[in-house]
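# Summary of the model geometry
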Amino acid sequence: RAAGHDGNLVLESSASAIGKTLYVASGAGHVYGLRRPDLKVVWDYYIGSDLDGTPVPTSEGLLLQAVEQEYIKGKGGMLALDPAKPAAEAAVWYFPTDNRKVGDWAGGVVGSASVNDAYNPDGRYPALCAFNAIDGYLYVVARDVMSDETVPGPDRGPKLPRPVQVAKIWNGGAISTPILLGDALVAAGYDQRVHLFNVRYDEAEKGDDGALPSANGDGTYWTVTLEERDQFFAEAAFESTPTLWDGRVYVGCRDGWLYCLGDKG
């Protein structure tokens, strides 16, 4: 597959771990599971596209893998995999994004997914996933609630469930990873802005428009609303992922500066 990928077989993502297995995504189009003691490949899910994002573990034991559009016929997007199953049966759901030419990218998701698990340890609120796409939008989707629609998998593979979309917000497209912090979301993109959103959870009834169940299955339902609280405008686009430390956001910009954003006090 080296020729088909123009020699682009490098690992550009970080490794993640579930149990005794490490997971890495390769430019060769594979998500590999490596046994920790000797790094032997014990699991191999083939997608076919250039993979740049880190396979992100979730509290329910899934991996969320960003799929770039390069080298595949279908659309890129965000793919959920269950590494506890054989690779041939591992695809759980897919959220495709539109194709759009930006720089060297033709579509899909280049950065990684962000999940709200660390700020939702008891599962009181819905299980969410946020990611930026090349098509120009920031997406938030429900990880465990599927829509009525099924969609072709990566590279026009067998159809898969599509998760419910919670929010779709224009930011010019981005290759960075948003950070989902419970009641806040920070995202930076090609619109030269860092956006700060409030994530509001309002208790609802089952069957209400947009109602999502608690992740712990206790029968509680919530609607989730994103409201932009503030934004910071720079002289160039943002490609790096924001980091939160001690109440402030740190993020690098293509104008050459590292910005610290937050209260001065």
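Scroll up to find the structure this text is about.
Fair warning: this is a prediction, and the values are worked out from it, not measured in the lab. (Residues numbered from 1 in each chain as written. Predicted model: local features only at pLDDT ≥ 70, side-chain atom pairs only at ≥ 80, totals over all residues. Heavy atoms only, no water.)

### Concerning the overall build of the protein chain
A tally of regular secondary structure across the protein chain gives zero helices and 22 strands. Since a compact globule built from 265 residues should have a radius of gyration of about 18 Å, the 18 Å found for the protein chain is in line with a globular shape. With the C-alpha coordinates aligned to their principal axes, the bounding extent of the protein chain is approximately 50 × 50 × 35 Å. Burial analysis of the protein chain (265 residues in total) assigns 51% to the buried set. Counted over contacts in the protein chain with a minimum sequence separation of 6, partners at least 24 positions apart contribute 49%. Accessible surface computed for the protein chain: about 12600 Å², of which carbon and sulfur atoms make up 49%. Charged side chains of the protein chain number 23 positive and 36 negative; the gap between the two group centres comes to 4 Å. (Helix = DSSP H or I, 4+ residues; strand = E, 2+ residues; numbered from the N terminus. Rg over C-alpha atoms; globule rule 2.2 N^0.38 Å. Buried < 20%, exposed > 50% of the residue type's maximum accessible area, 1.4 Å probe, protein only. Contact = heavy atoms within 4.5 Å. Areas by Shrake-Rupley, 256 points an atom, 1.4 Å probe, with all protein chains shown as cover. Lys, Arg positive; Asp, Glu negative; His and termini not counted. Charge placed at Lys NZ, Arg CZ, Asp CG, Glu CD.)

### A few points about the sheet that holds strand 19 (residues 221–233)
Pairing is antiparallel across the open sheet formed by five strands, whose spatial order is 15-16-17-19-18. Two strands lie at the open edges of the sheet, namely strand 15 (179–180) and strand 18 (212–213), each paired on one side alone. Pairing between strand 16 (residues 184–188) and strand 17 (residues 193–204): five bridges, direction antiparallel. Note that in strand 17 the partner of Ala 184 across the bridge is Asn 198. (Pairing = 2+ DSSP bridges.)

### Digging into the packing of aromatic side chains
Aromatic ring pairs are defined here through the distance separating the ring centres and the angle between the ring planes. As enumerated under the stated definition, the model contains 11 aromatic pairs in all. When the centroid spacing of 5.8 Å and the interplanar angle of 85 degrees are considered together, the rings of Tyr 23 and Trp 43 count as edge-to-face. Of this pair, Tyr 23 sits in strand 2 (residues 21–25) while Trp 43 sits in strand 4 (residues 41–46), and the two are 20 residues apart along the sequence. (Phe/Tyr/Trp six-rings, centres within 6.5 Å; stacked < 30°, edge-to-face > 60°.)

### Here's the deal with unusual backbone geometry
Note: most peptide bonds trans; most residues except glycine with negative phi. Despite not being glycine, Leu 39 has its phi angle at roughly 60 degrees, a positive value. Phi is positive for Asp 155, close to 60 degrees, though the residue is something other than glycine. Residue placement: Asp 155 occurs in the loop between strand 13 (137–153) and strand 14 (157–170).

### Re the pairing of strand 16
The buried count for strand 16 comes to five of five residues, which makes it a mostly enclosed element. Both faces of strand 16 are covered, namely the face carrying Ala 184, Val 186 and Ala 188 and the face carrying Leu 185 and Ala 187. As paired elements, strand 15 and strand 16 share two bridges and run antiparallel to each other. By the bridge assignment for strand 16, Ile 179 is matched with Val 186. Taking the residues that link successive antiparallel strands as the turn, the strand 15-strand 16 hairpin has three residues, and the phi of Gly 182 there is positive, at about 80 degrees.

### Examining a negative patch on the surface
The grouping of Asp 122, Glu 203, Glu 205, Asp 208, Asp 209 and Asp 218 at the surface amounts to a negative patch. Its location among the elements puts Asp 208 in the loop between strand 17 and strand 18. Given the relative accessible area of 37%, Asp 208 is considered partly exposed. (Patch = residues over 30% accessible without salt bridge, like charges linked within 9 Å, V, L, I, M, F, W, Y side chains within 5 Å. Salt bridge = Lys/Arg side-chain N within 4 Å of Asp/Glu carboxyl O.)

### A word on the pattern of salt bridges
Pairing between side chains becomes possible if they bear opposite charge and their charged atoms approach one another. A complete count under the given rule lists eight salt bridges for this structure. Glu 149 is the partner of Arg 162 in a salt bridge, and the nearest nitrogen-oxygen pair spans 3.7 Å. Of the two residues, Arg 162 is situated in strand 14 and Glu 149 in strand 13; the sequence distance between them amounts to 13 residues. Among the ionic pairs, Arg 200 bridges to Asp 202, the shortest N-O distance being 2.7 Å. On the basis of relative accessibility, which here comes to 33%, the residue Arg 200 falls in the partly exposed class. Each of Glu 60, Asp 117 and Arg 143 takes part in one network of salt bridges that share partners.

### As for the environment of Val 145
You can see Val 145 is positioned in strand 13. With 34 residues separating them along the chain, Val 145 and Gly 111 place their C-alpha atoms 23 Å apart. Not counting chain neighbours up to four residues away, the residues in contact with Val 145 comprise Pro 163, Val 164, Leu 212 and Pro 213.

### A closer look at the pairing of strand 22 (residues 258–261)
In the case of a regular strand, side chains alternate between the two sheet surfaces. Taking every second residue as pointing to the same face, the buried face of strand 22 carries Tyr 259 and Leu 261, while none of Leu 258 and Cys 260 on the other face is buried. In this structure, strand 21 (residues 248–252) lies alongside strand 22, joined through four bridges in antiparallel fashion. The partner of Tyr 250 across the bridge, within strand 22, is Cys 260. Hairpin connection, strand 21 to strand 22: the antiparallel pair is bridged by five residues, and Gly 256 has positive phi, about 95 degrees.

By themselves, these figures tell us nothing about what the structure is for.
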